[in-house]
Protein chains: 4
Amino acid sequence: MSPKVTHEYKEAARERFLDSAEKLFQRKGYYETSIDDVIQATGTSKGAIYGYFESKEALLESVQERQYVKNLGYGKSILSGQGSIASKLEKLADIYFASHDLPARQRCRMNLELSAASLHMKPIQNKLKNQYDQLQTVLAFLLKEGVKNGEIRKEIDTESIASLLMAVVDGLALRWAITDGDLDWKNIKDALLDLTLKGISVDRHRSR
Amino acid sequence: MSPKVTHEYKEAARERFLDSAEKLFQRKGYYETSIDDVIQATGTSKGAIYGYFESKEALLESVQERQYVKNLGYGKSILSGQGSIASKLEKLADIYFASHDLPARQRCRMNLELSAASLHMKPIQNKLKNQYDQLQTVLAFLLKEGVKNGEIRKEIDTESIASLLMAVVDGLALRWAITDGDLDWKNIKDALLDLTLKGISVDRHRSR
Amino acid sequence: MSPKVTHEYKEAARERFLDSAEKLFQRKGYYETSIDDVIQATGTSKGAIYGYFESKEALLESVQERQYVKNLGYGKSILSGQGSIASKLEKLADIYFASHDLPARQRCRMNLELSAASLHMKPIQNKLKNQYDQLQTVLAFLLKEGVKNGEIRKEIDTESIASLLMAVVDGLALRWAITDGDLDWKNIKDALLDLTLKGISVDRHRSR
Amino acid sequence: MSPKVTHEYKEAARERFLDSAEKLFQRKGYYETSIDDVIQATGTSKGAIYGYFESKEALLESVQERQYVKNLGYGKSILSGQGSIASKLEKLADIYFASHDLPARQRCRMNLELSAASLHMKPIQNKLKNQYDQLQTVLAFLLKEGVKNGEIRKEIDTESIASLLMAVVDGLALRWAITDGDLDWKNIKDALLDLTLKGISVDRHRSR
DNA sequence: GATGAATGAGATTTCATTCAT
DNA sequence: TATGAATGAAATCTCATTCAT
């Protein structure tokens with residue numbers, strides 16, 4: 001009768017499913033998590049979940065979708081903010097590793113899980129590719145801005161450097177997902193900034 | 001009675017299983033590949049494989065083990081070779097992306113598959129961690145050599161930079177596993193070397 | 001929602017599984033009976049049974065449990081009834097051999113099957129041991145009652161005699177399980193009572 | 001070339017198979033013992049055993065056969081010996097419970113295993129039935145002898161009593177197979193003799 | 001809409017037996 | 001004759017999905 005309330009109710013239920021599914025997929029992985037596990041964690045019945053998600057695979061897709069939207073939100077707010085290009089790049093990387101709602105390790109694991117799953121699930125793969133492309137565009141744009149405003153030297157191949165920056169972050173996430181040592185993001189970030197900005201080469205120092 | 005022949009024969013059979021398993025795990029993923037698939041691809045009977053591998057999981061472990069040993073071989077030959085530190089780092093990265101026996105894309109996918117699987121399979125995870133630690137040690141050592149012989153500036157945090165170098169490579173592999181565009185490793189490598197050696201920052205140019 | 005109906009329904013389904021399993025275990029034995037056999041006999045689907053019993057072994061345990069409970073019921077009603085000690089002992093033995101719901105032969109076979117299985121299934125073994133201990137206690141108690149009220153001579157070792165009484169019954173069951181000749185329980189029972197009460201020795205006749 | 005030697009050799013090999021099979025069947029049960037287990041315990045190869053036994057089932061049959069022959073030997077020597085009927089009965093029972101070559105517990109278990117298996121293996125069942133019939137005949141004969149020579153009162157039903165005597169022994173074996181408490185055969189035997197000879201009834205004392 | 005019992009295809013694994021060497 | 005790799009039927013168990021209530 002009051003579609004608004006019903007709709008909100010349904011939305012809340014959907015979120016509860018996504019919450020438990022996300023947690024379980026992180027902890028146990030997609031394939032090791034059964035629909036029953038999700039049901040139990042959510043406290044509902046078997047039939048219920050199929051009112052919200054067409055299949056187990058669709059559930060994973062939705063988990064990814066939600067995560068993507070969240071990240072997008074963070075990203076946008078950063079880009080529209082103030083600060084140097086370098087500080088913006090830094091903040092973008094923070095999305096991964098500085099905790100927002102989830103421990104970073106879990107976020108990394110979810111990421112790995114999704115990436116692997118995407119190899120065999122086209123819709124997920126497409127969304128991931130989109131994400132990559134969008135982020136690549138944004139980064140390249142930022143780098144060009146940096147070139148324009150004199151922060152960044154103009155010889156660099158902005159597209160490639162954008163790819164590389166994304167890669168470092170993904171690679172770190174991958175490693176931290178697997179390793180159990182605590183991740184000292186602050187330290188690594190300093191090294192990353194240092195490397196990114198100045199390189200490791202000594203010859204340019206000589207040229208001073 | 002004649003152990004030599006028997007042993008060689010068994011070894012060959014084992015390799016055949018590993019070959020088909022590796023291919024299938026790459027293409028369809030570990031979970032989507034059934035033992036039946038492997039059997040069929042190898043052209044044997046159901047029971048046969050269990051004479052070589054205790055379980056499906058053990059099969060994956062062996063696939064990983066073999067890959068690791070292969071990489072180790074490449075790595076050692078590179079380290080013991082001649083050349084500047086930079087060229088050695090370059091060659092190490094080539095292991096991933098310049099085809100040896102396998103198309104690079106497939107190698108990347110296998111890597112992703114294994115990393116994800118490792119989250120839920122302790123033995124694989126342990127081997128992966130070892131690999132990371134060993135590679136990290138080697139890289140840090142190379143960097144220190146570079147500092148010593150004046151190739152690399154001494155202010156850098158060698159351990160962190162080593163982590164970052166591994167991360168870029170892993171990150172690129174991850175992306176290329178997911179993306180379907182062909183990977184232009186030569187181009188990316190140039191950018192990577194440029195980034196790594198000189199950084200992106202312009203301020204040091206100013207300081208000339 | 002309506003737990004009463006659901007519960008009764010589930011209970012009935014469970015009983016149906018137990019019925020067919022019991023019959024099959026008797027006829028073909030535990031190991032020669034496949035889950036498929038049970039499914040087919042019950043007229044359900046493969047997965048269904050696992051909603052009621054964790055495993056094939058658990059199914060056997062439940063069959064045993066149910067049988068035990070049934071016997072316990074018979075036993076209690078006998079003990080609380082009227083009559084001489086001898087008549088009570090007789091009635092207890094009747095539980096095995098005088099048909100209640102099952103042909104005696106089948107009961108004997110099930111018993112043998114369970115005893116043998118128990119050698120390799122701890123939970124079943126424990127339940128069997130408990131049954132033995134309880135019955136032993138009851139029998140020894142009855143015998144002591146008999147001594148007290150003058151039915152039984154006081155020199156006997158009640159515990160040992162209790163063991164022996166149980167043994168005769170088990171031994172007869174064992175034999176009847178194997179033999180195919182019809183079992184003439186009435187006849188054997190007379191001999192058993194005669195043996196038990198008077199012994200076979202003639203010397204006490206002499207001592208009259 | 002020398003058939004005698006070959007034959008003896010084969011016989012010895014056969015015995016080794018039977019030895020390990022017997023031990024394994026006792027410990028793990030027929031169904032839980034694999035041909036591989038037997039092979040390994042014997043230290044031969046898979047194909048070899050099939051030169052001696054047609055099938056796993058035939059192996060069990062042979063184990064039983066050998067045991068039967070052994071028991072028969074014991075039995076005959078007892079019957080042909082000296083002593084009262086009672087002492088002969090006692091010695092017959094000792095075959096089961098007083099160790100000869102095997103711990104009594106294991107003998108009991110093997111017995112139970114065989115009895116259960118016999119339910120589903122006709123040849124074994126037939127042999128067991130024969131054993132029972134033969135023993136029954138012998139016991140009944142002994143009892144009649146006892147009646148004749150005045151040891152045993154003439155009112156008893158010798159056939160039934162023979163059945164009962166066998167049953168006690170089988171029943172005790174069954175219980176001891178299942179129970180883990182050590183079996184105090186000496187004690188139980190005394191009670192058995194007491195029960196068998198004098199019965200439990202007090203009325204005949206009164207009649208003194 | 002919610003529930004959860006039922007479904008049944010399919011997965012992994014075992015193992016008695018065969019047979020080429 | 002001995003060997004042990006291969007065979008493949010069959011067994012147990014799982015689990016995403018459906019559907020009657």
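Residues numbered from 1 in each chain as written. Chains lettered and ligands numbered in written order. Predicted model: local features only at pLDDT ≥ 70, side-chain atom pairs only at ≥ 80, totals over all residues.

(A) Looking closely at the overall build of chain A. Check the secondary structure of chain A and you find ten helices and zero strands. Along chain A, from the amino end to the carboxyl end, the secondary structure elements read α-α-α-α-α-α-α-α-α-α. Expressed along its principal axes, the backbone C-alpha trace of chain A runs to roughly 70 × 40 × 30 Å. The proportion of buried residues among the 208 residues of chain A is 36%. Here the analysis covers contacts within chain A between residues at least 6 apart in sequence; of these, 60% occur between residues at least 24 apart. (Helix = DSSP H or I, 4+ residues; strand = E, 2+ residues; numbered from the N terminus. Buried ≥ 20, exposed ≤ 12 C-beta atoms within 10 Å, placed from the backbone. Contact = placed C-beta atoms within 7 Å.)

(B) Focus on the domain arrangement of chain A. Residues and elements named next belong to chain A. The domains assigned to chain A are domain 1 (1-53) and domain 2 (56-200). Taking the mean C-alpha position of each, domain 1 and domain 2 sit 28 Å from one another. The element contributing the most residues to the side of domain 1 that touches domain 2 is helix 1 (residues 3-28), with five residues. Looking at the side of domain 1 that touches domain 2, its residues break down into six nonpolar, two polar and one charged. (Domains from an automatic or database assignment. Nonpolar A, V, L, I, M, F, W, Y, C, P; charged D, E, K, R; others polar.)

(C) Geometry of the protein's contact with DNA strand F. Of all residues adjacent to DNA strand F, which total 31 residues, the nearest are Gly47 of chain A, Gly47 of chain B, Gly47 of chain C together with Lys46 and Gly47 of chain D. Looking at the surface near DNA strand F, the elements that each hand over two or more residues are helix 2 (35-42) and helix 3 (46-52) of chain A, helix 1 (3-28) of chain B, helix 2 (35-42) of chain C together with helix 3 (46-49) of chain D. Of the residues belonging to the surface near DNA strand F, the class tally is seven nonpolar, 15 polar and nine charged. (Near = placed C-beta within 6 Å.)

(D) Spatial organisation of the relation of the copies chain D and chain C. For the pair chain D and chain C, the best superposition has an RMSD of 0.1 Å and corresponds to a rotation of 179 degrees with a translation of 0.1 Å parallel to the axis. Viewed as a symmetry operation, the transformation between the two copies matches a two-fold axis. A symmetric contact is evident, with 100% of the interface residues of chain D recurring at the interface of chain C. (Least-squares fit on C-alpha atoms with pLDDT ≥ 70 in both.)

(E) Just the packing of helix 4 (residues 56-79) of chain D against helix 7 (residues 122-148) of chain D, in detail. Residue and element names in this part refer to chain D. Packing of helix 4 against helix 7 brings their axes to within 10 Å, and their N-to-C directions diverge by 10 degrees. Classified by the angle between their axes, helix 4 and helix 7 sit roughly parallel to one another. Contacts between helix 4 and helix 7 pair Leu60, Glu61, Gln64, Glu65, Tyr68 and Leu79 from the former with Pro123, Ile124, Lys127, Gln131 and Val138 from the latter. (Axes fitted to C-alpha atoms, helices over the stretch in contact; angles between N-to-C directions. Parallel < 35°, antiparallel > 145°, perpendicular 65-115°, else oblique.)

(F) Representation of the interface of chain A and chain B within the structure. Listed as interface residues are 55 residues of chain A and, on the opposing side, 55 residues of chain B. In terms of residues, the side of chain A that touches chain B owes the most to one element, helix 8 (residues 158-178) of chain A, which gives 15 residues. Within the side of chain A that touches chain B, the residues separate by chemical class into 25 nonpolar, 16 polar and 14 charged.

(G) View of the interface of chain D and chain C. Taken together, the contacts link 55 residues of chain D with 55 residues of chain C. Mapped onto the side of chain D that touches chain C, the elements with two or more residues apiece are helix 6 (104-118), helix 7, helix 8 (158-178), helix 9 (185-198) and helix 10 (203-206) of chain D. Looking at the side of chain D that touches chain C element by element, the count peaks at 15 residues for helix 8 of chain D. Class assignment for the residues of the side of chain D that touches chain C results in 25 nonpolar, 16 polar and 14 charged.

(H) Fine view of the relation of the copies chain A and chain B. Once chain A has been moved 0.0 Å along the axis and rotated by 179 degrees, it coincides with chain B to within an RMSD of 0.2 Å. Mapped onto chain B, 100% of the interface residues of chain A are again interface residues, and the two copies thus contact each other with one and the same surface.

(I) Just the environment of Leu172 of chain C, in detail. Along the chain, the position of Leu172 of chain C falls in helix 7 (residues 158-178). Leu172 of chain C gets classed as buried once you count the C-beta atoms within 10 Å, which come to 26. Excluding its chain neighbours within four sequence positions, the residues that come into contact with Leu172 of chain C are Ile188 of chain C together with Ala167 of chain D.

(J) A look at helix 8 (residues 185-198) of chain C. All names here are of chain C. Relative to the 20 Å expected for 14 residues at 1.5 Å per residue, helix 8 spans 19 Å between its end C-alpha atoms, a close match to the ideal helical length. For helix 8, the complete set of buried residues consists of Ile188, Leu192, Asp194, Leu195, Thr196 and Lys198. Among the residues trailing helix 8, Gly199 stands out with phi positive, at a value near 75 degrees. (Expected span 1.5 Å × (residues − 1).)

(K) Examining the protein's contact with DNA strand E more closely. Lining the immediate environment of DNA strand E, one finds 31 residues, of which Lys46 and Gly47 of chain A, Gly47 of chain B, Gly47 of chain C together with Gly47 of chain D sit closest. For the surface near DNA strand E, the elements supplying multiple residues, two or more each, are helix 3 of chain A, helix 2 (35-42) of chain B, helix 1 (3-28) of chain C together with helix 2 (35-42) and helix 3 of chain D. Examining the composition of the surface near DNA strand E, we find that four residues originate from one element, helix 3 of chain A, more than from any other. Class assignment of the residues belonging to the surface near DNA strand E gives a composition of seven nonpolar, 15 polar and nine charged.

(L) Here's a closer look at the packing of helix 6 of chain D against helix 8 of chain D. Residues and elements named next belong to chain D. Running from N to C, helix 6 and helix 8 point in directions that differ by 105 degrees, and their axes come no closer than 8 Å. One finds that helix 6 runs roughly perpendicular with respect to helix 8. Of the residues in helix 8, those in contact with Arg105, Cys108, Arg109, Asn111 and Leu112 of helix 6 are Ala173, Leu174, Trp176 and Ala177. Partitioning the contact of helix 6 with helix 8 into residue classes produces six nonpolar, one polar and two charged.

(M) Region of interest: the environment of Val169 of chain D. Here Val169 of chain D shows up in helix 8. Once residues within four sequence positions are removed from consideration, Val169 of chain D is found in contact with Gly171 of chain C together with Ala93 and Tyr96 of chain D.

(N) Region of the structure containing the arrangement of the chains. There is a clear gap between chain A and chain D: no contact, and 31 Å between their nearest C-alpha atoms. There is a clear gap between chain B and chain D: no contact, and 12 Å between their nearest C-alpha atoms.

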